[in-house]
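Residue strings, one per chain:
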Amino acid sequence: MKKKNGGMKELLRKTIVSLKRKPQTIPLLVLAAAFLLYSLNLTHISDTTAKIQLSGMGLSGFCTMLFSLLSFVCFINAYPHRKKTNIPMLVLMFLMLGILMICDTYYAGKIQMAITRADHPIIVDDSTAYIPKAYQVLMVHRAIVACGAVLTLLVPVLRNALRRIDTSLPVEEGSGMEQIILTDEM
């Protein structure tokens, strides 16, 4: 079997056609990246919670995981296949994304409080190197969630922008005429 020369171009064209049909895939992928970032670094978050042990840190981490999963369910239900957008689910999803950002901010504030407090501050060294990593993960997670929320708001704009991209295939005139003529002669 021979590979086509324009294989990469065709893959890009098919991806754009797919995005033209479902532009809500873009913010969904951004929110999935935020979820993966947080869940793959959950060890740093958990170790930080165990080391610092300030009130509400465990609950904040739990709420972040819970609302991340529930926001996916709301997102998928907000954009049903071949139906209009479900506005109540979209509003519920934005509420959950807001709670996610509040939980990240709260948790990061508790880390700052523990590191900078006057009595018995947490000292960051090699044995507690996970604390600044957890703080960094929270800041990046919050930024990606905010980006996903903005992209979700901009889905109609994305839809219009993607429609302007020409993804039609060029028609080659006469390329299949010989086959048609041969089949008619038999």
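Residues numbered from 1 in each chain as written. Predicted model: local features only at pLDDT ≥ 70, side-chain atom pairs only at ≥ 80, totals over all residues. Heavy atoms only, no water.

### Here we look at the overall build of the protein chain
Moving on, step 1. Secondary structure summary: the protein chain contains eight helices and zero strands in total.
Moving on, step 2. For the protein chain, the N- to C-terminal ordering of α and β elements is α-α-α-α-α-α-α-α.
Moving on, step 3. Excluding contacts between residues fewer than 6 apart, the proportion of contacts in the protein chain whose partners are at least 24 apart in sequence is 79%.
Moving on, step 4. Element-wise, carbon and sulfur atoms account for 65% of the exposed surface of the protein chain, whose accessible area totals about 12500 Å². (Helix = DSSP H or I, 4+ residues; strand = E, 2+ residues; numbered from the N terminus. Contact = heavy atoms within 4.5 Å. Areas by Shrake-Rupley, 256 points an atom, 1.4 Å probe, with all protein chains shown as cover.)

### Examining the confidence of the model for the protein chain
Moving on, step 1. Overall, the predicted model of the protein chain reaches an average pLDDT of 88, with 89% of residues at or above 70.
Moving on, step 2. The secondary-structure element of the protein chain with the lowest mean pLDDT is helix H8 (residues 177-185), recorded at 56, while helix H6 (residues 130-153) shows the highest, at 96. (pLDDT = per-residue confidence, 0-100.)

### What about unusual backbone geometry?
Moving on, step 1. Positive phi, close to 60°, is recorded for Arg-82, a residue that is not glycine.
Moving on, step 2. As for its position among the elements, Arg-82 is in the loop between helix H4 (57-78) and helix H5 (87-116).
Moving on, step 3. You can call Arg-82 exposed: its relative accessible area is 77%.
Moving on, step 4. Here the phi dihedral of His-120 falls at roughly 55°; this positive angle occurs in a residue that is not glycine. (Buried < 20%, exposed > 50% of the residue type's maximum accessible area, 1.4 Å probe, protein only.)

### Describing the nonpolar core
Moving on, step 1. One finds Leu-31, Tyr-79, Met-93 and Leu-97 to be the most contacted residues of the largest nonpolar core, which totals 19 residues.
Moving on, step 2. Those elements giving two or more residues to this core turn out to be helix H2 (25-40), H4, H5 and H6.
Moving on, step 3. Look past the residues within four positions of Tyr-79 in its chain and what remains in contact with it is Gln-24, Thr-85, Leu-90, Thr-152 and Val-155.
Moving on, step 4. The next biggest cluster of nonpolar side chains, apart from the first, holds 14 residues, and it includes Ile-52, Tyr-107, Ala-108 and Ile-111. (Core = buried A, V, L, I, M, F, W, Y, C linked by side-chain atoms within 4.5 Å.)

### Some points on the packing of aromatic side chains
Moving on, step 1. Applying the stated criterion across every chain, the model contains two aromatic pairs.
Moving on, step 2. Summarising the aromatic geometry, the rings of Phe-75 and Tyr-79 are spaced 5.2 Å apart at their centres and angled 50° between planes, so their arrangement reads as tilted.
Moving on, step 3. Residue classification places Phe-75 among the buried positions, given a relative accessible area of 2%. (Phe/Tyr/Trp six-rings, centres within 6.5 Å; stacked < 30°, edge-to-face > 60°.)

### Looking at the packing of H5 against H6
Moving on, step 1. Between H5 and H6, the shortest axis-to-axis distance is 10 Å and the interhelical angle comes to 160°. Relative to H6, the element H5 is oriented roughly antiparallel. Considering only the axes of H5 and H6, their crossing is left-handed.
Moving on, step 2. Classifying every residue of the contact of H5 with H6 by side-chain character gives 19 nonpolar, four polar and two charged. (Axes fitted to C-alpha atoms, helices over the stretch in contact; angles between N-to-C directions. Parallel < 35°, antiparallel > 145°, perpendicular 65-115°, else oblique. Left-handed = near helix turned anticlockwise from the far one by under 90°. Nonpolar A, V, L, I, M, F, W, Y, C, P; charged D, E, K, R; others polar.)

### Overview of the side chain of Thr-49
Moving on, step 1. With respect to the element layout, Thr-49 can be found in helix H3 (residues 42-52).
Moving on, step 2. Here Tyr-107 takes part through its side chain, which lies 2.3 Å from a polar atom of the side chain of Thr-49.
Moving on, step 3. For Thr-49, the contacting residues outside a window of four places in its chain are Met-57, Gly-58 and Tyr-107. (Polar contact = N/O pair within 3.5 Å; in protein donor to acceptor, adjacent residues only side chain to side chain.)

### Some remarks on the packing of H2 against H6
Moving on, step 1. One way to put it is that H2 packs onto H6 with a least axis distance of 8 Å and a crossing angle of 165°. Taken together, the axes of H2 and H6 are roughly antiparallel relative to one another. The chirality of how H2 crosses H6 is left-handed. Contacts between H2 and H6 involve Ile-26, Pro-27, Val-30, Leu-31, Ala-34, Leu-37 and Tyr-38 from the first element and Val-137, Leu-138, Val-140, His-141, Ile-144, Val-145, Cys-147, Gly-148, Leu-151 and Thr-152 from the second.
Moving on, step 2. Looking at the contact of H2 with H6, its residues break down into 14 nonpolar, three polar and no charged.

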